[in-house]
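Reading the structure
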Amino acid sequence: METPADIRRRWSYLRGLLIEQLARFEDGSYQIMSDSKDVSVEAIYQLRDAIRDFDDLIAASDARCPPEG
């Protein structure tokens, strides 16, 4: 079973990847197409929401069980 510290480390890594992809959507170097329609704007909102939601979960976990050291 993963410890809270393991979860925070994994989230930190995943968060970095999400933020990097978000930047690529915003600068236009990434596009998501569906039925010939650019859905990148929706992807940006979804990524932002996912990052914010998980940040909130980590913060709530930290409030219940503060990280050591």
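Residues numbered from 1 in each chain as written. Predicted model: local features only at pLDDT ≥ 70, side-chain atom pairs only at ≥ 80, totals over all residues. Heavy atoms only, no water.

Some points on the nonpolar core
- The biggest cluster of nonpolar side chains holds 9 residues, and these are Trp11, Leu18, Leu22, Phe25, Ala43, Ile44, Leu47, Ile51 and Ile58.
- Elements with a minimum of two residues in this core: helix H1 (4-27) and helix H2 (40-64).
- The element contributing the most residues to this core is H2, with 5 residues.
- Not counting the four nearest positions on each side in its chain, Ile58 is found in contact with Ile7, Arg8 and Trp11. (Core = buried A, V, L, I, M, F, W, Y, C linked by side-chain atoms within 4.5 Å. Buried < 20%, exposed > 50% of the residue type's maximum accessible area, 1.4 Å probe, protein only. Helix = DSSP H or I, 4+ residues; strand = E, 2+ residues; numbered from the N terminus. Contact = heavy atoms within 4.5 Å.)

Overview of the pattern of salt bridges
- A complete count under the given rule lists 6 salt bridges for this structure.
- Measuring nitrogen to oxygen at the nearest pair gives 3.0 Å for the salt bridge that ties Asp55 to Arg15. Of this pair, Asp55 sits in helix H2 while Arg15 sits in helix H1, placing them 40 residues apart in sequence.
- By relative accessible area, Asp55 is classed as partly exposed at 25%. (Salt bridge = Lys/Arg side-chain N within 4 Å of Asp/Glu carboxyl O.)

Describing the packing of H1 against H2
- It is the contact of H1 with H2, at a shortest axis distance of 10 Å, that shows an interaxial angle of 160 degrees. Regarding the angle of H1 to H2, the classification is roughly antiparallel. As for how H1 packs across H2, the hand of that crossing is left-handed. Between H1 and H2, the contacting residues are Ile7, Arg8, Trp11, Arg15, Leu18, Ile19, Gln21, Leu22, Phe25 and Glu26 on the first element and Ser40, Ala43, Ile44, Leu47, Arg48, Ala50, Ile51, Phe54, Asp55, Ile58 and Asp62 on the second.
- Residues belonging to the contact of H1 with H2 are distributed by class as follows: 13 nonpolar, 2 polar and 6 charged. (Axes fitted to C-alpha atoms, helices over the stretch in contact; angles between N-to-C directions. Parallel < 35°, antiparallel > 145°, perpendicular 65-115°, else oblique. Left-handed = near helix turned anticlockwise from the far one by under 90°. Nonpolar A, V, L, I, M, F, W, Y, C, P; charged D, E, K, R; others polar.)

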